[in-house]
Amino acid sequence: MNPRDMLHVDSFSFWYGRKQALDDVSLAVGEGEITALIGPSGCGKTTLLRNFNRLHDLNDEVSHHGDIRIAGRSVFDPAAEVIALRRRVGMVFQKANPFPDSLYENVVFPLRVAGCRDPRTLDEAAERSLREAFLWDEVKDRLHVGAAGLSGGQQQRLCIARAIVNRPEILLMDEPCSSLDPVATLKIEELLCRLKEQCTIVIVTHNLEQARRVADRAAFFYQGRLIETGPVLDLFTNPRDPRTEAYVRGRMG
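Residues numbered from 1 in each chain as written. Predicted model: local features only at pLDDT ≥ 70, side-chain atom pairs only at ≥ 80, totals over all residues. Heavy atoms only, no water.

### Some words on the sheet that holds strand β4 (residues 62-70)
The strand order across the open sheet formed by four strands is β2-β1-β4-β5, and the pairing between neighbours is antiparallel. Two strands close off the open sheet at either side, each with one partner strand: β2 (19-30) and β5 (73-74). The pairing of strand β1 (residues 5-16) with β4 spans eight bridges and is antiparallel. The residue of β4 that forms the bridge with W15 is S63. (Pairing = 2+ DSSP bridges. Helix = DSSP H or I, 4+ residues; strand = E, 2+ residues; numbered from the N terminus.)

### Concerning the pairing of strand β9 (residues 217-222)
Alignment of strand β3 (residues 34-38) against β9, held across four bridges, turns out to be parallel. Within β9, the position partnered with A36 by the bridge is A218. The pairing of β9 with strand β10 (residues 225-231) spans six bridges and is antiparallel. Its bridge partner lying in β10, A218 is registered against G230.

### Observations regarding unusual backbone geometry
With a phi close to 45°, S11 is a non-glycine residue in the positive phi region. Locating S11 in the fold gives a position in strand β1. Residue S11 is classed as partly exposed on the basis of its relative accessible area, which comes to 35%. Positive phi values are uncommon outside glycine, yet F134 reaches one of about 55°. In this structure, F134 sits in the loop between α4 (119-132) and α5 (136-139). (Buried < 20%, exposed > 50% of the residue type's maximum accessible area, 1.4 Å probe, protein only.)

### Side note on the pattern of salt bridges
Within the structure shown, the criterion is met by 15 salt bridges. With a closest N to O distance of 2.9 Å, E127 and R131 form a salt bridge. Pair noted here: E127 and R131 are both in helix α4, with a separation of four residues, about one helical turn. Take E127: its relative accessible area is 30%, and that puts it in the partly exposed class. R157 is the partner of E138 in a salt bridge, and the nearest nitrogen-oxygen pair spans 2.9 Å. With E138 in helix α5 and R157 in helix α6 (residues 152-164), this pair connects stretches of sequence that are 19 residues apart. (Salt bridge = Lys/Arg side-chain N within 4 Å of Asp/Glu carboxyl O.)

Written out as structure tokens, the structure is:
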């Protein structure tokens with residue numbers, strides 16, 4: 001076990017009812033790194049990602065075996081508070097989901113949920129997070145209007161600002177650029193490379209070139225199993241498993 005590993009997945013299997021989605025997955029995610037989960041649609045990447053902050057809890061028909069630990073503590077510990085876990089593990093979804101409120105309230109919402117009411121603290125946190133999301137200069141004069149007028153890329157960066165306002169230890173991103181144009185995608189990728197200085201990032205992406213550009217390590221999944229993991233350039237240029245090679249060479253979709 002590497003002491004710099006922030007997140008450990010230990011022999012983890014997961015079922016939706018009787019359908020098994022993950023089979024005996026073990027994976028370590030290094031602190032301060034970007035780890036890309038890659039593989040064909042339906043291979044279990046997003047299922048695993050959503051287990052990291054227990055987003056499957058609302059579904060009574062799911063079950064799991066094995067464990068997921070963050071900084072040594074199981075996310076499934078009965079004594080663990082889910083709300084506290086999600087403050088430590090932020091999430092950005094495939095499609096931007098700004099709330100129907102002002103830009104300011106979108107960003108500070110997690111702090112209000114945590115009980116913060118001090119205007120100065122909220123103001124400072126909103127500006128800091130919007131600056132870190134490369135959005136402050138574009139919206140600072142319209143903080144109290146809604147997000148409807150923002151472009152898709154701006155809305156996604158707003159959601160990232162909201163996800164990092166609590167200073168999470170881990171940031172999860174599920175296909176965050178899938179609906180964005182190349183210019184907006186580049187801004188998000190630049191943002192990711194900056195954010196890994198303050199938190200560990202796990203990203204699900206079908207864009208292999210994006211994984212090459214931003215990730216430190218990659219993990220290839222196929223039919224619910226983790227097939228291969230390693231430094232991203234090694235996995236792309238010298239894969240050990242023929243299934244990994246077929247996927248990264250475009251022979252498997």
